[in-house]
Amino acid sequence: MLQALASVGMMPGQLMALAFRDLADNVAWDADYLRYFVRELFPSRTTGATIAAGLVSDTQSLTIVSEMPEHGVIFSDGTEADFLEFNAGTRAVVTVAERHGSRVV
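Note that the structure is predicted; figures quoted are calculated from it, not measured. (Residues numbered from 1 in each chain as written. Predicted model: local features only at pLDDT ≥ 70, side-chain atom pairs only at ≥ 80, totals over all residues. Heavy atoms only, no water.)

1. Some points on the overall build of the protein chain
1) Next: Within the protein chain, the secondary structure is distributed over two helices and six strands.
2) Next: Going from N to C terminus, the protein chain has its helices and strands arranged as α-α-β-β-β-β-β-β.
3) Next: Burial analysis of the protein chain (105 residues in total) assigns 15% to the buried set.
4) Next: Summing over all exposed atoms, the protein chain offers an accessible surface of approximately 8700 Å²; the carbon and sulfur share of this is 54%. (Helix = DSSP H or I, 4+ residues; strand = E, 2+ residues; numbered from the N terminus. Buried < 20%, exposed > 50% of the residue type's maximum accessible area, 1.4 Å probe, protein only. Areas by Shrake-Rupley, 256 points an atom, 1.4 Å probe, with all protein chains shown as cover.)

Quick look at the structure:
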């Protein structure tokens, strides 16, 4: 989907917003998987960035390794103030928790 939209001249932020809206609308609250989206993705030959979005399940984790020499951070849910330092060589592994929470309405 992202490649098709890119071919009509949409900017990366617009592409991600459309992809997020499409995927988020199709995720059940009790899903046993996580969807992830890369924020401010700038894919290029220099960065080597090739993955814009994906899925984490009980059989497929996501491993992220920082290549930022300094001032690297990692955070979730758009809460940048709640960051962890994420400098070169630091590894984060994202998995689906064994325990599940409950949504209260």
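What follows picks up the thread again.
2. A word on the side chain of S57
1) Next: By the element assignment, S57 lies in the loop between β2 (53-56) and β3 (62-65).
2) Next: By relative accessible area, which is 15% here, S57 ends up buried.
3) Next: The contacts of S57, once residues within four sequence positions are left out, are D32, Y33 and V96. (Contact = heavy atoms within 4.5 Å.)

3. Quick word on the side chain of S66
1) Next: With respect to the element layout, S66 can be found in the loop between β3 and β4 (73-74).
2) Next: For S66, a relative accessible area of 6% translates into the label buried.
3) Next: Only 3.1 Å separates the side chain of S66 from the backbone nitrogen of M68, close enough to count as a polar contact. (Polar contact = N/O pair within 3.5 Å; in protein donor to acceptor, adjacent residues only side chain to side chain.)

4. With respect to the environment of S102
1) Next: Take S102: it is sitting in the segment after β6 (91-94).
2) Next: S102 sits 72 residues away from D30 along the chain, and the two C-alpha atoms are 8.5 Å apart.

5. Quick word on the confidence of the model for the protein chain
1) Next: Looking at the protein chain as a whole, the pLDDT averages 75, with 68% of positions reaching at least 70.
2) Next: For residues 1-10, every residue scores under 50 in pLDDT, and the model assigns this stretch 13 contacts once sequence neighbours within four places are set aside. (pLDDT = per-residue confidence, 0-100.)

6. Regarding the environment of I74
1) Next: Take I74: it is sitting in strand β4.
2) Next: For the pair I74 and N87, spaced 13 residues apart in sequence, the C-alpha to C-alpha distance is 9.3 Å.

7. Thoughts on unusual backbone geometry
1) Next: Unusually for a residue other than glycine, H71 sits at a positive phi of about 65°.
2) Next: By secondary structure assignment, the location of H71 is in the loop between β3 and β4.

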